[in-house]
Amino acid sequence: MVDGLMSQGLETTGLEPTSSAPPGPRAPLAITGAADGGPELGPLRVLLVEDDAADALLVEDTLADTGLRASLQWVRSLPEAQGPLSANSTPDCVLLDLHLGESQGLAVLRQVLEWAPDAAVVVLTGLAESQAGTAAMAAGAQDYLSKDQLEADRLGRAIRYSVQRRQVQQAVAALQVQRMRAQENARLERGLLPRPRVSNPRLRVVSRYRPGRAHSLLGGDFYDVVETGDGLVHAVIGDVAGHGPASAALGVSLRVAWRSFVLAGTRGARVVELLEELLAGEDGGSEMFVTLITATLFPDRPVARVVRAGHHGFLLHGNGEVRLIEPPGGLGVGMVPGLAGWREHEVPLPPGASLVLFTDGLFEGQIDAEGRRLDLTGLLQLARGHRALSPDDFVDTLITDVEAASLQHGGLADDVAVIHLGWTPT
């Protein structure tokens, strides 16, 4: 008699285990609002993992009476649940029996949570299993219900508040991740973008950093400016290949190492060679490389000594003109370890002129639908339009123009770092 009723019930309600006939999309079980006056949720996808057909039919009938807008899918075993739980669109709520043939106890719950960590889980227990339900909640379930006391109000409330509780948990976790990421970004930024360490009042230093993608992590762009006891001013700007925490952390290491080498008295190409030795021990076999350019300014000589390692040239700004300077250079740091052969080159620095060092994010933004980049020629054209501006205004306006040029095509695709460095005329 029971078998006959079960058969009839399954045909009437359409509830079938997916092992015998995977159900297609089903109409919502109910369209009305929350039966207990609680907040109403949108259509919910509910997965029932239950090996007893009678209990499955009981759950379906009870769910239909809750007033929830929900579609129900039933599977008989834990292996059958893997597909729905591992799909791109996982259920909003899992009604889970902890006794599924060979699969028993909290191990069942742990496996479900592993497959679908975002789903709310309501454990279905026997009448004398309250301790098991409490243990399940401690292990990650949002609620538990006794199948022997299953009622529409209780089931509806359990599903509704389990889903909402899970959403709150996820929101809190996401907020915590954002806070930790912001704190980590702040630490990385302090390491990548320090305040220039200079004291000569004749020196003019303007530095700017602008992240590329909105809400992105810092990339590997870094810079530094220091003055040594002999009165020389040293600057570096560089770009670690890639984006994200690993590139940023490596950039911090290289920036700090560069400052240490310079303050210890190392000069010219030897500094870059030491940075390559450091990179070989810090990249963890990831084969990262770095492009950079260093410059040394003399307070009593109208020249700058420059070392280029895979980096593009720089601008010379002052006296009503802007020029692109590209002294000879070698390969990027780490590209061919030990074989780059960097050399230091002197560049004339007329009175009143300043070096403008920058990373490639300043000219690699896309500026039309065909994918054309601004490139150095376009950057030089923009810069010449602002040649009469003061150092601060020159840098800020140039960055603004670059952003505007790429705004309709994704904006800045990479981080931008800029240093404007020179002596005030005597």
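The structure reproduced in this document is the subject of the present report. (Residues numbered from 1 in each chain as written. Predicted model: local features only at pLDDT ≥ 70, side-chain atom pairs only at ≥ 80, totals over all residues. Heavy atoms only, no water.)

Let us now look at the packing of helix α7 (residues 245–263) against helix α8 (residues 269–282). Look at α7 against α8: their axes get within 10 Å of each other, and the N-to-C directions meet at 145 degrees. Crossing of α7 against α8: the hand is right-handed. Contacts between α7 and α8 involve L250, S253, L254, A257, W258, F261 and V262 from the former and V271, L274, L275, L278, L279 and E282 from the latter. For the contact of α7 with α8, a count of residues per class yields eleven nonpolar, one polar and one charged. (Axes fitted to C-alpha atoms, helices over the stretch in contact; angles between N-to-C directions. Helix = DSSP H or I, 4+ residues; strand = E, 2+ residues; numbered from the N terminus. Left-handed = near helix turned anticlockwise from the far one by under 90°. Contact = heavy atoms within 4.5 Å. Nonpolar A, V, L, I, M, F, W, Y, C, P; charged D, E, K, R; others polar.)

A cluster of nonpolar side chains, namely L331, M335, V336 and L339, defines an oily patch on the protein surface of about 360 Å² accessible area. Its location among the elements puts V336 in the loop between β14 (321–325) and β15 (345–348). (Patch = residues over 30% accessible without salt bridge, like charges linked within 9 Å, V, L, I, M, F, W, Y side chains within 5 Å. Areas by Shrake-Rupley, 256 points an atom, 1.4 Å probe, with all protein chains shown as cover. Salt bridge = Lys/Arg side-chain N within 4 Å of Asp/Glu carboxyl O.)

Under the counting rule described, the total for this entry stands at 16 salt bridges. Between R210 and E403 there is a salt bridge, and its shortest N-O distance comes to 2.8 Å. Separated by 193 residues along the polypeptide, R210 in strand β8 (residues 203–210) and E403 in helix α10 (residues 391–406) bring together distant segments of the chain. According to the relative accessible area criterion, E403 is partly exposed, its value standing at 25%. A cluster of three or more residues bridged by salt bridges with shared partners is formed by E50, D55, D97 and K147. (Buried < 20%, exposed > 50% of the residue type's maximum accessible area, 1.4 Å probe, protein only.)

Relative to the assigned elements, S406 resides in helix α10. The buried category is assigned to S406, whose relative accessible area is 1%.

Each regular strand displays side chains that alternate between the two surfaces of the sheet. Taking burial as the measure, the nine residues of strand β11 (residues 290–298) include nine buried ones, the bulk of the element. Side chains V290, L292, T294, T296 and F298 project from β11 onto one buried face, and the interleaved T291, I293, A295 and L297 project onto a second face that is buried too. Both strand β10 (residues 233–243) and β11 contribute to a ladder of eight bridges, which runs antiparallel. Residue pairing across strands places V240 opposite V290, the latter belonging to β11. When β11 meets strand β12 (residues 301–309), the two strands line up antiparallel, connected through six bridges. The residue bridging T294 from the neighbouring strand is V307, located in β12. In this structure, the hairpin formed by β11 and β12 is closed by a connection of two residues. (Pairing = 2+ DSSP bridges.)

Here we come to the sheet that holds β12. A sheet is described by the order of its strands in space; here five strands give the open sequence β9-β10-β11-β12-β15, paired in antiparallel fashion. Looking at the sheet topology across the chains shown, the edges are occupied by β9 (219–227) and β15. Neighbour to neighbour, the strand axes of the sheet diverge by 20 degrees on average, direction disregarded. Bridge count for β12 against β15 is four bridges, and the pairing is antiparallel. Directly across from V306, in β15, lies its bridge partner H345. Packing of α7 onto the sheet brings it into contact with β9, β10 and β11, and relative to β9 it is tilted by some 15 degrees. Running at roughly 150 degrees to β11, α8 makes contact with β11 and β12 of the sheet.

Of note in this structure, N319 is not a glycine but carries a positive phi near 60 degrees. For N319, the location among the structural elements is in the loop between β13 (314–318) and β14. Even without glycine at this site, D375 takes up a positive phi of about 55 degrees. Along the chain, the position of D375 falls in helix α9 (residues 375–384).

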